Amino acid sequence: MKRDFTSILDLTKKEIFELFELSRNIKHSYKNRIEHRILRGNTLAMIFEKPSLRTRITFEAGMTQLGGHAIYLAPQDIQMGKRESIADVAKNISRWVDLIMARVFAHKTVKELAKNATIPVINGLSDLEHPCQIICDLFTILEHKGSLKNMTIAYIGDGNNVCNSFVAAASLLSLSLKIATPKGYEPRKEYLKSARTVQVYNAPEKAARYADVLYTDVWASMGQESESAQRKKVFSKFQINKKLLALAKKDALVMHCLPAHRGEEIAADIIDGAHSIVFDQAENRLHTQKAIMIWLLQKS
Ligand code: CP
Ligand code: NVA
């Protein structure tokens, strides 16, 4: 049966570690210029309803480096659900290519694609989750810290798609995740329900204290632009800055999925400072997504 990756919850703990292992091997090949054209002859269709720098380039370049090809479908190209139903788009694409990656507004769109496609579908970000990001981020922490065991990760900011995927991963891997959001902006209840190692606070200091990793994301996600001004007020205290970093462990890592708004969710001297690993993190999108594509095609 074909496998999809629409949510972190599509994977087991064992499978997440398989992905880390594959990512490590793929990265090693790439860095050592060892040919790894494992997906020769394969094609990836990339559907975008929203903008992207990292997701688009890393999937496209990743496919090229693996010997395959990627087709970029801009928001206005196929007008999914308007020009043609989501189900018909999925059924058509399945007849021509090997994989679909979709960045969508509503999570149900990527679920509908997965339901109707006979090929694997990858969620490249929806309003509910950003699972590729979290696989990449955990892999990056693993590289820097050597293990995920006994790590405390503090997520400061909006309980958004990235945060939901973090909660899902924390509950699968039993990671200690401390989240600080303003009241009313917590991650989804259904994700928190089974997450025994996740604590939610409404004060950034409570989450940041003794943390090994401080993580943040934008205050207003794509699609929430009209709430930007109001969110700036609500989130003004939820910033990773010198004061917050001082509460974390001395060797704490600072992470951000990017794009970042310096002076909002993160101070410029912190994202550009010694603790920040945001560009290692961005680099790893390439290696981990190559692993996700190979893994899904092998399992399907
Ligand atoms: N982090 C991330 O997904 O970046 P893009 O929106 O640029 O793809
Ligand atoms: N939460 C952000 C992540 C961007 C990569 C958004 O959805 O816009």
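Below is a summary of the structure that appears in this document. Note that this is a predicted model, so its numbers are computed, not measured.

Some words on the sheet that holds strand 3 (residues 99-103)
And then number 1: The sheet built from four strands is open, its strands ordered 2-1-3-4 with parallel pairing. At either margin of the open sheet sits one strand with a lone partner, and together these are strand 2 (69-73) and strand 4 (121-123). Put simply, the sheet's adjacent strands are angled 20° from each other on average, direction ignored.
And then number 2: Pairing of strand 1 (residues 43-48) with strand 2, which is carried by five bridges, proceeds in the parallel orientation.

Some thoughts on the nonpolar core
And then number 1: Within the largest apolar cluster, 56 residues are counted, with the highest numbers of intra-cluster contacts made by F5, L44, I122, I135, L138, L177 and M293.
And then number 2: If one sorts the elements of this core by residue count, helix 7 (residues 161-173) sits on top with eight residues.
And then number 3: The contact partners of M293, leaving out residues within four places of it in the chain, are L39, L44, F59, G62, M63, L66, L99 and I122.

Observations concerning the packing of helix 4 (residues 86-96) against helix 5 (residues 107-116)
And then number 1: The geometry of helix 4 relative to helix 5 is characterised by a closest axis approach of 8 Å and an angle of 45° between their N-to-C directions. One finds that helix 4 runs oblique with respect to helix 5. When the axes of helix 4 and helix 5 are compared, the crossing they make is right-handed. Counting all contacts with helix 4, which are made through I86, A87, V89, A90, K91 and S94, the residues of helix 5 involved are T109, E112, L113 and N116.
And then number 2: Residues of the contact of helix 4 with helix 5, tallied by class, amount to five nonpolar, three polar and two charged.

As for the state of the cysteines
And then number 1: Per the counting criterion, the structure on display carries zero disulfides.
And then number 2: Unpaired in terms of disulfides, C132 finds its nearest cysteine sulfur in C136, a separation of 9.3 Å.

Details of the site of ligand 1
And then number 1: Taken together, S52, L53, R54, T55, R103, H130, Q133, C257, L258 and R285 are the residues near ligand 1.
And then number 2: Contacts to ligand 1 include L53, whose backbone N or O atom sits 2.6 Å from an oxygen atom.
And then number 3: Within the side chain of H130, one N or O atom sits 2.8 Å away from an oxygen atom of ligand 1.
And then number 4: Look at ligand 1: alone it shows 250 Å² of surface, and the protein chains cover 96% of it.
And then number 5: Looking at side-chain class alone, the shell around ligand 1 contains three nonpolar, four polar and three charged residues.

A short note on the site of ligand 2
And then number 1: Within the structure, ligand 2 sits among L125, H130, N160, N161, D217, V218, S221, M222 and L258.
And then number 2: Starting from 270 Å² of accessible surface for ligand 2 in isolation, the protein chains cover 95%.
And then number 3: Taken together, the residues that form the shell around ligand 2 break down as four nonpolar, four polar and one charged.

Quick notes on the pattern of salt bridges
And then number 1: Taken as a whole and assessed by the stated rule, the structure comprises 19 salt bridges.
And then number 2: The residue R37 makes a salt bridge to E35 at a minimum N-O spacing of 3.8 Å.
And then number 3: For D269, the salt bridge identified is with K242, shortest N-O distance 3.5 Å. Pair noted here: D269 is in helix 12 (residues 268-271) and K242 is in helix 11 (residues 242-245), with a separation of 27 residues, a long-range link.
And then number 4: Classification of D269 by relative accessible area gives partly exposed; the value is 41%.
And then number 5: Put simply, K27, K31, E143 and E283 are held in one network by salt bridges that share partners.

Some details on the packing of aromatic side chains
And then number 1: Applying the stated criterion across every chain, the model contains nine aromatic pairs.
And then number 2: Between F48 and Y72 the ring centres are 5.4 Å apart and the planes differ by 45°, which places this aromatic pair in the tilted class. Here Y72 lies in strand 2 and F48 lies in strand 1, a separation of 24 residues in the sequence.
And then number 3: A relative accessible area of 2% places F48 in the buried class.
And then number 4: For the ring pair W219 and F235, a centre distance of 6.1 Å and an interplane angle of 20° mean the geometry is stacked. Taken as a pair, W219 in the loop between strand 8 (213-216) and helix 10 (228-234) and F235 in the loop between helix 10 and helix 11 lie far apart in primary sequence, 16 residues in all.
And then number 5: Among the aromatic side chains, those forming a connected cluster through ring pairs are Y185, W219, F235 and F238.
And then number 6: Here the guanidinium or amino end of R56 rests over the ring plane of Y72, the centre of that ring lying 3.8 Å away.

Some details on helix 4
And then number 1: Taken as a whole, helix 4 has its buried residues at I86, A87, V89, A90, I93 and S94. Along the long axis of helix 4, the arc covered by the buried residues comes to 160°, so they all point the same way. Exposed side of helix 4, more than 90 degrees from the buried face: R95 and W96 are the residues found there.
And then number 2: Those residues of helix 4 that are buried are in contact with strand 1, helix 3 (75-78), strand 3 and helix 5.

Some words on the sheet that holds strand 8
And then number 1: Spatially, five strands are ordered 7-6-5-8-9 in an open sheet, and the strand pairing comes out parallel. In this open sheet, the two strands that pair with only one neighbour each are strand 7 (198-201) and strand 9 (253-256). Between one strand and the next, the sheet's axes are offset by a mean angle of 20°, whatever the strand orientation.
And then number 2: Relative to strand 8, strand 5 (residues 152-156) is paired through four bridges, and the arrangement is parallel.

What counts and what doesn't
- Residues numbered from 1 in each chain as written.
- Chains lettered and ligands numbered in written order.
- Predicted model: local features only at pLDDT ≥ 70, side-chain atom pairs only at ≥ 80, totals over all residues.
- Heavy atoms only, no water.
- Pairing = 2+ DSSP bridges.
- Helix = DSSP H or I, 4+ residues; strand = E, 2+ residues; numbered from the N terminus.
- Axes fitted to C-alpha atoms, helices over the stretch in contact; angles between N-to-C directions.
- Core = buried A, V, L, I, M, F, W, Y, C linked by side-chain atoms within 4.5 Å.
- Buried < 20%, exposed > 50% of the residue type's maximum accessible area, 1.4 Å probe, protein only.
- Contact = heavy atoms within 4.5 Å.
- Parallel < 35°, antiparallel > 145°, perpendicular 65-115°, else oblique.
- Left-handed = near helix turned anticlockwise from the far one by under 90°.
- Nonpolar A, V, L, I, M, F, W, Y, C, P; charged D, E, K, R; others polar.
- Disulfide = S-S within 2.5 Å.
- Near = heavy atom within 4 Å.
- Polar contact = N/O pair within 3.5 Å; in protein donor to acceptor, adjacent residues only side chain to side chain.
- Areas by Shrake-Rupley, 256 points an atom, 1.4 Å probe, with all protein chains shown as cover.
- Salt bridge = Lys/Arg side-chain N within 4 Å of Asp/Glu carboxyl O.
- Phe/Tyr/Trp six-rings, centres within 6.5 Å; stacked < 30°, edge-to-face > 60°.
- Lys NZ or Arg CZ within 6 Å of the ring centre and 35° of its normal.
- Arc of directions from axis to C-beta.

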